[in-house]
Amino acid sequence: MESNAADGNRPRGKYLDEMKHSLFSEFPENQKNSRLFRQIEKLYILNTINQSLNGDIDSTHMCQVVVENLKIIFSVGIVYIALAYPEKNIFEVPYFLIDGKPFISPPTPIGQGLTSIVLRTQKTLVIQQDTQRRIFELGGIQNASRHPKSWIGVPIVWKNTAFGVMSIQNFDHELFFADEDISFLEAISETIAGALNNAHIYSEGIRRTQETKALLDITKKISASLELEAVLDAISSSAREILTTQTTAVYLLDESTQILKAVAVSGKSAGAILADTTRLGEGIIGAVAVSGRSELISDTNSDSRAIHIEGSEQEAENEKLMAIPLLTQGKTLGVLAIWRNADEPAFSEFDLEFGSALANHAASALVNAKAYTLARLARKEAEDANRTKSQFLATMSHELRTPLNAIINFSFLLAQGTEGAVNREQEDLLGRIETSGKHLLALINDVLDLAKIEAGKLDLSLEVIDIPEFLRETLKPIPALIGARPILFSMDVPDSLPSIRADRMRLRQILLNLLSNAAKFTEQGFIKLKLETHGDALRFTIQDSGIGMDPKDIPRALMEFTQLDSGPDRIAKGTGLGLSIASRFIELHGSKLEAHSIVGEGTSFWFELKLKPGMKGKRFINE
């Protein structure tokens, strides 16, 4: 055994002997058995142990340090430290000396031997007379060929938690240990108890860090990916990495068949588990799915519900299982199963806490995946319905335009007297038929345009447009839109404006729709069209002094088939497509329709068209 103390090269025993020789060289030989000498020696050993354990987080090394020092000072037959593992229901002896030589002691169930008595009572046990009989009566375990004549066991306790037992046994003498020896051993016990507690805290911290990291990684996977299989595989792998060396599996419940099937497995017999199915209520997994409560099974062989998975390894004695339901709003979606080998500890509440967190993540992933699937199906259905609607509108609009054009043209021809003279009343009726037909045709054209836009089949035909000439042609219908109402229409257009590239017909529709909308909602006052350069764009603004609207209603006003005054006595008639189509045409040009309005004062709409080409992502004809 090598020590890192001192120069790190000399054996600990030799190093201690040298230090003792230096420290006690002034003591005559006949005084070295004196009480004072022994007290100084014990203080020295206690200080050595304190220094050695300071900062140590390896429990096995701690036991070695203490046992080696106790062997030196007491020179007894047996020295060992046993460490308790309540979650495994055993205690282990990491360092055991018999007559100065290491001895390998197998794990012992808590409840057997004198060590278990000390663990249970948390009190020092001393047997120094009639030892063999008393040890036998108390259920002692003999590890050496000889029986001790003096036996002492000191509990290693920190704040009511028993970490283990320190035992020293002398083969040759009864009443070997004096009261000061017992006090000395109890002092050492306090020292190692503190060190073991620190090591326990450290190991728990490491474990908690690993668990937190695993949960964060899984949370990121759930947030970044809607691929359920990848998330469940990560959960199964994390459970195995932290909780077991054997196998983990995530089972999902098929509600239609009432069957649980593993979809993510990590560890041994993965193929057999993936191929297996379990009915709801059958076996431990099925029972947990029904009850919705977690179970910790310490021995699956002794559980009458256990069912062997065909093709997997035969269950060993004391094989353990932790089964946790995947729950959402009290409904079971599946089960997280974690198996442990016989030589692994029983599952603890800490294990269940981490496993439950993993199960919650699995349930969340399932809910998210289901919601994503439903949303995707709903979106597809909506897209299909929208395509069907657009196709229907396009077909119907086309079919309606043909007879309507005939009605308009025949009405015009009849009014012109091509089929004989008509009187004034007949001429008036024919004029109304023609006017109404043109109005209806305009509405049908709007519906057809909307259908083409939604179907992505409306292309722009760009050309260079001279603004003054374009406005003279476009604004001819304005007097008819205003009629006899006291409304002043004006234009604010600079003498010199650069030409723009746009779709002439669609730009004309945009302006007429916006001006027509202004005329509908203005009874008196003004309507104004203003053009001005704004950076590298030409801005069109249509302003009116009409009834205005609440600013919060502007987005709704731009929606298809929407009328803000939708009652039977509404001011403006129509389908509510004018603003929507104007907005769509503007977007096809790479811009956006903006608006500002005040109730009772009027409304302004404006949009901008680039002076230079650069409307990427659009399809243009005649480029």
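Being a predicted model, the structure only gives us computed values, none of them experimental.

Peer 1: What is the right way to read the overall build of the protein from this model?
Peer 2: Across its full length, the protein holds 16 helices and 21 strands. Residue burial in the protein is summarised as follows: out of 623 residues, 42% are buried. Per element, the accessible surface of the protein, about 33,400 Å² overall, is 52% carbon and sulfur.

Peer 1: How should I be thinking about helix α9 (residues 283–291) in this particular structure?
Peer 2: Owing to its 3.6 residues per turn, the α-helix aligns residues three or four sequence positions apart on the same side. Counting buried residues along α9, seven of its nine residues qualify, which places the element largely inside the surrounding structure. Residues of α9 that are buried: Gly283, Ile284, Ile285, Gly286, Ala287, Val288 and Ala289. The inward-facing, buried residues of α9 contact β8 (247–254), β9 (259–267), β10 (277–279), β11 (295–297), β12 (320–328) and β13 (331–340).

Peer 1: How should I be thinking about the confidence of the model for the protein in this particular structure?
Peer 2: Predicted coordinates in regions of low pLDDT should not be interpreted in detail. Residues at a pLDDT of 70 or more form 86% of the protein, whose mean pLDDT is 82. Taking the mean pLDDT of every element in the protein, the minimum, 42, falls on strand β21 (residues 620–621) and the maximum, 96, on strand β5 (residues 125–127). A low-confidence stretch, residues 1–16 stays under pLDDT 50, and its non-local contacts, those more than four residues away or across chains, total 25 contacts. The model gives residues 566–572 a pLDDT under 50, and that stretch makes ten contacts with residues more than four places away or in other chains.

Peer 1: I keep staring at the sheet that holds strand β18 (residues 537–544) and nothing clicks. Help me out?
Peer 2: Where strands meet in a sheet, backbone hydrogen bonds hold them as pairs that are either parallel or antiparallel. Spatial ordering of the open sheet is given by β15-β17-β18-β20-β19, a layout of five strands whose pairing is mixed. In the strand order of this sheet, the two ends are held by β15 (487–492) and β19 (594–598), each with one partner. Geometrically, the sheet is characterised by an average inter-axis angle of 10° between neighbouring strands, direction not taken into account. Pairing of strand β17 (residues 525–534) with β18, which is carried by eight bridges, proceeds in the antiparallel orientation. The partner of histidine 534 across the bridge, within β18, is alanine 537.

Peer 1: Can you help me understand the packing of aromatic side chains in this one?
Peer 2: Under the counting rule described, the total for this entry stands at six aromatic pairs. Judged by centre distance (5.0 Å) and plane angle (65°), the rings of phenylalanine 96 and phenylalanine 103 are edge-to-face. Residue classification places phenylalanine 96 among the buried positions, given a relative accessible area of 2%. Owing to a relative accessible area of 28%, phenylalanine 103 belongs among the partly exposed residues under this scheme.

Peer 1: Where do I start with the sheet that holds β9 in this structure?
Peer 2: As summarised here, the arrangement of the six strands in space is β10-β9-β8-β13-β12-β11, forming an open sheet in which the pairing is antiparallel. Both edges of this open sheet fall to β10 and β11, since each of them pairs with a single strand only. Neighbour-to-neighbour, the strand axes of the sheet open up by a mean angle of 25°, direction not taken into account. Here β8 pairs with β13 via six bridges, running antiparallel. Its bridge partner being in β13, alanine 249 is matched across the sheet by alanine 337.

Peer 1: Help me understand helix α12 (residues 467–474), please; the structure alone is not making it clear to me.
Peer 2: Listed as buried for α12 are Ile467, Phe470, Leu471 and Thr474. Burial along α12 is one-sided: seen end-on, the buried residues are contained in an arc of 95°. Considering only its buried residues, α12 is in contact with β14 (460–465), β16 (500–503), α14 (504–520), β17 and β18. Residue aspartate 466 occupies the N-cap position of α12, its side-chain oxygen lying 3.3 Å from the main-chain nitrogen of glutamate 469.

Peer 1: Whenever I open this one, the pairing of β13 confuses me. Can you help?
Peer 2: Working note: regular strand, side chains alternate between the two faces of the sheet. When you tally the buried positions in β13, you get nine out of ten residues, the bulk of the element. Pairing analysis gives nine bridges linking β12 to β13, with the strands arranged antiparallel. Looking across to β13, one finds that threonine 328 is bridged to lysine 331. Hairpin connection of β12 to β13: two residues between the antiparallel strands, including glutamine 329 at a positive phi of 55°.

Peer 1: Any chance you could explain the environment of alanine 262 here in plain terms?
Peer 2: Summarising the element assignment, alanine 262 is placed in strand β9. Using a relative accessible area of 3% as the deciding quantity, one classes alanine 262 as buried. For the pair alanine 262 and alanine 337, spaced 75 residues apart in sequence, the C-alpha to C-alpha distance is 9.5 Å. When sequence neighbours within four positions are dropped, the list of residues in contact with alanine 262 reads Val250, Tyr251, Ile273, Leu274 and Asp276.

Peer 1: Just to check I follow, could you spell out a nonpolar patch on the surface for this structure?
Peer 2: On the surface, a cluster of nonpolar side chains totalling about 270 Å² of accessible area is made up of Ile57, Tyr202 and Ile206. The topology assignment puts isoleucine 206 in helix α6 (residues 179–224).

Peer 1: Sorry, what's going on with the side chain of glutamate 434 here?
Peer 2: Within the secondary structure layout, glutamate 434 lies in helix α11 (residues 424–454). With residues near it in sequence (within four places) discarded, glutamate 434 still touches Ile408, Ser411 and Phe412.

Peer 1: Explanation requested: the nonpolar core in the structure shown.
Peer 2: Considering soluble globular proteins, one finds that nonpolar side chains tend to be buried as a cluster. Of all hydrophobic cores here, the largest spans 44 residues; its most connected members are Ile500, Leu507, Leu514, Phe540 and Phe607. In terms of residues, this core owes the most to one element, α14, which gives seven residues. Not counting residues up to four positions away in its chain, the partners in contact with leucine 514 are Ile542, Leu579, Ala582, Leu593, Phe605 and Phe607. By size, the runner-up hydrophobic cluster in this structure holds 34 residues, among which are Val76, Ile81, Ile168 and Ile192.

Peer 1: Would you mind going over the packing of α14 against helix α16 (residues 578–588) with me for this structure?
Peer 2: To characterise two packed helices, one gives the angle between the axes of the helices and the distance between these axes. Running from amino to carboxyl end, α14 crosses α16 at an angle of 145°, the nearest separation of the two axes being 9 Å. Between α14 and α16 lies a crossing whose hand is left-handed. Here Arg506, Gln509, Ile510, Asn513, Leu514 and Asn517 of α14 come into contact with α16, specifically with Gly578, Leu579, Ile581, Ala582, Phe585 and Ile586. Class assignment for the residues of the contact of α14 with α16 results in seven nonpolar, four polar and one charged.

Peer 1: Before we go on, may I ask you to explain the packing of α12 against α14 in this structure?
Peer 2: Packing of α12 against α14 brings their axes to within 11 Å, and their N-to-C directions diverge by 60°. What the angle tells us is that α12 and α14 run oblique. In the packing of α12 onto α14, the handedness of the crossing is right-handed. Here Glu469, Phe470, Leu471, Glu473 and Thr474 of α12 come into contact with α14, specifically with Arg504, Leu507, Arg508, Leu511 and Leu512.

Peer 1: Is there a simple way to explain unusual backbone geometry in this structure?
Peer 2: It is generally the case that most residues other than glycine have a negative phi and that most peptide bonds are trans. Even without a glycine there, the phi angle at serine 75 is positive, about 50°. If you trace the backbone, serine 75 turns up in the loop between α3 (59–74) and β1 (78–85). By relative accessible area, serine 75 is classed as exposed at 57%.

Peer 1: Help me understand the environment of leucine 414, please; the structure alone is not making it clear to me.
Peer 2: When you line up the elements, leucine 414 lands in helix α10 (residues 349–415). The class for leucine 414 is partly exposed, based on a relative accessible area of 36%. As a C-alpha pair, leucine 414 and leucine 430 span 16 residues in sequence and 7.4 Å in three-dimensional space. When near neighbours in sequence (up to four residues on either side) are disregarded, leucine 414 contacts Glu419, Val422 and Leu430.

Peer 1: Just to check I follow, could you spell out the pattern of salt bridges for this structure?
Peer 2: Oppositely charged side chains can form a pair if their charged atoms are brought close together. Counted according to the given criterion, the structure contains 16 salt bridges. The partner of arginine 340 in a salt bridge is aspartate 351, and the shortest N-O contact between them spans 3.2 Å. Of the two residues, arginine 340 is situated in strand β13 and aspartate 351 in helix α10; the sequence distance between them amounts to eleven residues. The residues arginine 340 and aspartate 351 share a single accessibility class, namely buried. Measuring nitrogen to oxygen at the nearest pair gives 3.8 Å for the salt bridge that ties aspartate 553 to arginine 556. For arginine 556, a relative accessible area of 38% translates into the label partly exposed. Taken together, the salt bridges that share partners define one network made up of Asp130, Arg133 and Glu137.

What counts and what doesn't
- Residues numbered from 1 in each chain as written.
- Predicted model: local features only at pLDDT ≥ 70, side-chain atom pairs only at ≥ 80, totals over all residues.
- Heavy atoms only, no water.
- Helix = DSSP H or I, 4+ residues; strand = E, 2+ residues; numbered from the N terminus.
- Buried < 20%, exposed > 50% of the residue type's maximum accessible area, 1.4 Å probe, protein only.
- Areas by Shrake-Rupley, 256 points an atom, 1.4 Å probe, with all protein chains shown as cover.
- Contact = heavy atoms within 4.5 Å.
- pLDDT = per-residue confidence, 0-100.
- Pairing = 2+ DSSP bridges.
- Axes fitted to C-alpha atoms, helices over the stretch in contact; angles between N-to-C directions.
- Phe/Tyr/Trp six-rings, centres within 6.5 Å; stacked < 30°, edge-to-face > 60°.
- Arc of directions from axis to C-beta.
- Polar contact = N/O pair within 3.5 Å; in protein donor to acceptor, adjacent residues only side chain to side chain.
- Patch = residues over 30% accessible without salt bridge, like charges linked within 9 Å, V, L, I, M, F, W, Y side chains within 5 Å.
- Salt bridge = Lys/Arg side-chain N within 4 Å of Asp/Glu carboxyl O.
- Core = buried A, V, L, I, M, F, W, Y, C linked by side-chain atoms within 4.5 Å.
- Left-handed = near helix turned anticlockwise from the far one by under 90°.
- Nonpolar A, V, L, I, M, F, W, Y, C, P; charged D, E, K, R; others polar.
- Parallel < 35°, antiparallel > 145°, perpendicular 65-115°, else oblique.

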